[in-house]
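Residue strings, one per chain:
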Amino acid sequence: MNNVFDIHIFICTNERLSIEKKSCGEQHGLNLIAEFKTQLNAQKLPLKIRTQKSGCLGICQFGPTIAIYPEGIFYVGVQIEDVKEIVESHIINKTLVERLVLKNGH
Ligand code: FES
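Here the structure is a predicted model, which means the values were calculated and not measured.

Procedures and definitions
Residues numbered from 1 in each chain as written. Predicted model: local features only at pLDDT ≥ 70, side-chain atom pairs only at ≥ 80, totals over all residues. Buried ≥ 20, exposed ≤ 12 C-beta atoms within 10 Å, placed from the backbone. Helix = DSSP H or I, 4+ residues; strand = E, 2+ residues; numbered from the N terminus. Arc of directions from axis to C-beta. Contact = placed C-beta atoms within 7 Å. Pairing = 2+ DSSP bridges. Axes fitted to C-alpha atoms, helices over the stretch in contact; angles between N-to-C directions. pLDDT = per-residue confidence, 0-100. Expected span 1.5 Å × (residues − 1). Parallel < 35°, antiparallel > 145°, perpendicular 65-115°, else oblique. Left-handed = near helix turned anticlockwise from the far one by under 90°. Nonpolar A, V, L, I, M, F, W, Y, C, P; charged D, E, K, R; others polar.

Some remarks on helix H3 (residues 83–92)
Consideration 1: Along H3, the residues classified as buried are Val83, Ile86, Val87, His90 and Ile91. The buried residues of H3 occupy an angular sector of 110 degrees when projected down its axis, which confines them to one face.
Consideration 2: Two residues or fewer after H3 comes lysine 94, characterised by a positive phi angle close to 55 degrees.

With respect to the environment of glycine 25
Consideration 1: Along the chain, the position of glycine 25 falls in helix H1 (residues 24–27).
Consideration 2: Note: C-alpha distance between glycine 25 and serine 54 (29 residues apart in sequence) is 9.8 Å.
Consideration 3: In contact with glycine 25, other than residues within four places in its own chain, are Thr13, Asn14, Glu15 and Leu30.

Quick word on the sheet that holds strand E3 (residues 66–69)
Consideration 1: On the basis of which strands lie adjacent, the open sheet formed by four strands has the order E2-E1-E3-E4 and mixed pairing. Pairing within the sheet leaves two strands with one partner each, and these edge strands are strand E2 (49–54) and strand E4 (73–75). Each strand of the sheet is rotated relative to its neighbour by a mean of 20 degrees, with strand direction disregarded.
Consideration 2: Bridging between E3 and E4 involves three bridges; their strand directions are antiparallel. Bridge pairing in E4 links isoleucine 68 to isoleucine 73.

Topic: the confidence of the model for the chain
Consideration 1: Averaged over the chain, the pLDDT score is 92; the fraction of residues at 70 or greater is 96%.
Consideration 2: The least confident element of the chain, judged by mean pLDDT, is H1 at 86; the most confident is H3 at 98.

Overview of the pairing of E3
Consideration 1: Here E3 shows a buried face lined by Ile66 and Ile68 and an unburied face lined by Ala67 and Tyr69.
Consideration 2: Linking E3 to E4, which pair antiparallel, is a turn of three residues; within it glycine 72 sits at a positive phi near 75 degrees.

Some words on helix H2 (residues 29–43)
Consideration 1: Helix length check: H2, at 15 residues, gives a terminal C-alpha distance of 21 Å against a target of 21 Å (1.5 Å per residue), a fit within 8%.
Consideration 2: When we look at burial in H2, the residues that qualify are Gly29, Leu32, Ile33, Glu35 and Phe36.
Consideration 3: Positive phi appears at lysine 44, one or two residues downstream of H2, with a value of about 50 degrees.

What about the packing of H2 against H3?
Consideration 1: With their axes 9 Å apart at the nearest point, H2 and H3 run at an angle of 55 degrees to one another. In terms of axis orientation, H2 runs oblique to H3. For H2 against H3, the interelement crossing comes out right-handed. Seen from H2, the contacting residues are Leu32, Glu35, Phe36, Gln39, Leu40 and Gln43; seen from H3, they are Val83, Lys84, Val87 and Ile92.
Consideration 2: The class makeup of the residues in the contact of H2 with H3 is six nonpolar, two polar and two charged.

Structure representation (structure tokens):
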């Protein structure tokens, strides 16, 4: 298979602006994109990595939510300070950051 990207990171930046249901964009979705770009650039990896905004990934209650492909792993409750660990563990060492992985029923 010849993928356009080796790794594709989707970061929910949806802003619902509802007081009943929180959304990732209201929490720091955009800042997560900036931090991923900073951390990835610092690593100078020989990989084609795309980091981009996404709409709602459907797991709002556990957000901020990101999805990483080709593995199809969802990380939830992601904070700015978690990004470096995700890059080093998941992207570089191919080891999940278990405490942030979406599990069944969360
Ligand atoms: S608002 Fe981010 S997953 Fe729904």
